[in-house]
Amino acid sequence: MTKISKNKNKIHVKNPEHIQEILSQGLSIFRLIAENMYDAIYTLDTKGNFSFVNDVALKRSGYEREWFIGRSFLDFVLPENKNVVQKSFKSVMRGEAVPAYELSYINASGKSIWIEINATPIVDRENIIGVLVVSRDVTERKRIEGELKLYRSNLETLIESRTAELRTTNEQLQAEIAQHKKTEDALRSSEAYYRTIFHNTGTAIIIMEEDTTISLSNEECEKFVGYRPTDLEGKRRAVEFVARQDIERILGYQELRRQDPEKAPRNYELKIVDRYGNIRDVHITIASIPDTRKTIASFLDITEQKKMEAALKASELKYRNIFENAMEGIFQTGINGEILRANPSFAHLFGYRSSQEIMRAVKDIRYEIYADERQRNELRRLLDKQGFVRNFEVLCRRKDGQRIWISINIRAVKDNNNRILFYEGTLVDITERKMIQDDLENKSRSLEETNAALRVLLKQREEDKADLEEKVLHNIKELVLPYVDKLRAGQQNKDTVIVDILESNLNEILSPFIKSMASKYANFTPKEIQIADLMKKGKTTKEISTILNLSPRTIDIHRYNIRRKLNINKKKVNLQSYLLTLT
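Just so we're clear, the structure is a prediction, and the values are computed from it rather than from any experiment.

A.B. asks: Is there a simple way to explain the packing of helix H20 (residues 541–548) against helix H21 (residues 552–565) in this structure?
C.D. replies: Helix packing for two helices is described by the angle between their axes and how far apart those axes are. The interhelical angle for the contact between H20 and H21, taken along N-to-C directions, is 110°, at an axis separation of 9 Å. Judged by the inter-axis angle, H20 sits roughly perpendicular to H21. Note on element contacts: H21 touches H20 through Pro552, Ile555, Asp556 and Arg559, opposite Thr541, Ile544, Ser545 and Leu548. Looking at the contact of H20 with H21, its residues break down into 4 nonpolar, 2 polar and 2 charged.

Okay, structure coming up:
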């Protein structure tokens, strides 16, 4: 009897003389396991050359089987990933546990594909005879993660276009399932090979009896249902873990598969419930095992993928409502001026009935929407310089030819290589505000001109008034008051009253002018103001004494006081000249 013992991830085979019998018995089951795997499978010899690849690997890579066999795995790896992969290979060949890791490669058609690598040693008679590599295609997951990250980064400021629909897992799995060529090497190492695959693939796999009793399961199943293989095999039915809403459908598939395996679906989605009541979305690939009443099924957890799809749909619905009902015009335009997307407010602002109408009618907004070439060029210059423009005011043209002013916020959307993909932004109609602003500016300019004219007139009036006061004061003092003093000196007693009245009335007339003069000559007395005024007009001391009926000595005293108050009594300055400078 053949004995097989396990030590961690290594498989040891004893009594090799019975291996042919084991290979013949297990070949059918383990071939179906490989053929129904979601993952690509490779085996490498001790030198790192391919010794086997399954059809999934051929389909995914686009190369023929002959291209792989005997070729080094390094020929399949991008230069930047070679050190990591080679280090992993050497660690596995030493029997060390190597955690799963991700990398990308280019298939035969030039497409970049992301895969998750699990590498396990293949052991025969205590010797490592090669490496089993299981690679899972995670391109779709990486793409979804990238799309969700990009979508979220643009949600607060701008609205992005609808993301492309995800390719269904069903189509991927159907495209990857095919028959693989039988080889002598596969027959010789099939038991170690397939058993290693079954237990180390990273995919949950079960084999079920006709009544769905689980007869074989791997360690990955515990992640899905919470039971170890020993608690499942022969003790539990697979339908026990199917969610209530899917039971009837799954049992219908099982009955159809029993009647005609070709008519039952090979791939479908369902919900399963683990022992703790947790619900998962899974994608199942299932097939009948020939010449038996058994079926084999593998499970792929798509719970997170479903959540991401739901999040994308919810975000799209939320922001589509904002897009459609926003009061501002929202748009996306191509680098050649074509309108890629526009909301109803954008179309209505330019006189179109709908978004579809303006997108059909306007071929290049640079020449059909913008009305001023200089403004358009300035906007483009700012966009090229800083990548965005805020509150830029520009004159535009409506469908009916009417000119309107808009305020625009716009930014350039770029790819990872800093190349501009398109422009997007918002705009509002500010025509009425511009008209009010222009009207206010015109009125303001008119008021400023009127105020300037009034200031000139008032200044001229003040100058004329001051000149008139000066002349009146001068003429009364010089031409009238001296004669009043003479009348007083030669008057008769009967005329004293008349002279006093005359002098009093003249002083009343002069009082406003005297105050004006006092403001010029600071703290001068009225008499000093009179003397200063006469001196400024060129009168001598004798003439002033005669006019004012004062002695020359008194005039000299007043002259001294005037010089002192003007702070020039110790300076050699002509008093008349100095007084003229104070006019």
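A.B. asks: How do you make sense of the pairing of strand S3 (residues 40–44) when you look at a structure like this?
C.D. replies: Remember that side chains alternate between the two faces of the sheet whenever the strand is regular. The element S3 is extensively covered by neighbouring structure, given that 5 of its 5 residues are classed as buried. Of the two faces of S3, the one carrying Ala40, Tyr42 and Leu44 and the one carrying Ile41 and Thr43 are both buried. Alignment of S3 against strand S7 (residues 127–137), held across 5 bridges, turns out to be antiparallel. In the sheet register, leucine 44 faces S7, and the bridge partner there is valine 131. In terms of strand pairing, S3 meets strand S4 (residues 50–53) through 3 bridges, oriented antiparallel. Its bridge partner lying in S4, tyrosine 42 is registered against valine 53.

A.B. asks: Can you walk me through the pairing of S7 in this structure?
C.D. replies: Within S7, 8 of the 11 residues are buried, which leaves the element mostly enclosed by the surrounding structure. Bridge count between strand S6 (residues 112–124) and S7: 10 bridges; the pairing is antiparallel. Pairing of isoleucine 122 across the sheet is with glycine 130, part of S7. Between S6 and S7, which pair antiparallel and follow one another directly, the connecting turn spans 2 residues, one of which, arginine 125, has a positive phi of 60°.

A.B. asks: Explain the packing of aromatic side chains to me, please; I cannot follow it from the model alone.
C.D. replies: Remark: the centre distance and the inter-plane angle together describe each pair of aromatic rings, the angle taken between the planes. All chains considered together, the criterion is met by 17 aromatic pairs. An aromatic cluster is defined as three or more aromatic residues linked by ring pairs; in this entry it consists of Tyr42, Phe50, Tyr63, Trp67, Phe68, Phe76 and Tyr105. Against the face of phenylalanine 224 rests arginine 280, its NZ or CZ located 5.9 Å from the ring centre.

A.B. asks: Is there a simple way to explain the pattern of salt bridges in this structure?
C.D. replies: For the coordinates displayed, the defined rule picks out 34 salt bridges. A network of salt bridges, in which partner residues are shared, links Glu102, Arg141, Lys142 and Glu145.

Parameters and conventions
- Every chain's residues receive numbers from 1 upward, in the order its sequence appears when written.
- Where totals are concerned, whole chains, interfaces and linings use all residues; where local detail is concerned, this predicted model gives features only for residues with pLDDT of at least 70, and gives and counts side-chain atom pairs only at 80 or more.
- By convention in this description, side-chain values take in all heavy atoms of the structure and omit both hydrogens and water.
- In this description, a line fitted to the C-alpha atoms serves as the axis of each element, helices being fitted only across the stretch in contact, and the angle between N-to-C directions of two axes falls anywhere from 0 to 180 degrees.
- Secondary structure elements are defined from DSSP: runs of H or I of at least 4 residues count as helices, runs of E of at least 2 residues count as strands, and each element is numbered from the N terminus.
- In what follows, roughly perpendicular refers to angles from 65 to 115 degrees, roughly parallel to angles under 35, roughly antiparallel to angles over 145, and oblique to any angle outside these ranges.
- We call two residues in contact when some of their heavy atoms are within 4.5 Å.
- In this classification, the charged set is Asp, Glu, Lys and Arg, the nonpolar set is Ala, Val, Leu, Ile, Met, Phe, Trp, Tyr, Cys and Pro, and all remaining amino acids, among them Gly, are polar.
- In this scheme, a residue with accessible area under 20% of its type's maximum is buried, one over 50% is exposed, and one in between is partly exposed, where area comes from a 1.4 Å probe on protein chains only.
- A pair of strands is treated as paired once DSSP finds two or more bridges between them.
- Aromatic pairing here means that ring centres of Phe, Tyr or Trp (its six-membered ring) are within 6.5 Å. Orientation follows from the plane angle: under 30 degrees is stacked, over 60 is edge-to-face, and everything else is tilted.
- For a lysine, the NZ atom is tested; for an arginine, the CZ atom; a charge sits over a ring if that atom is within 6 Å of the ring centre and within 35 degrees of the ring normal.
- The term salt bridge refers to a pairing of a side-chain nitrogen on Lys or Arg with a carboxyl oxygen on Asp or Glu at a separation within 4 Å.

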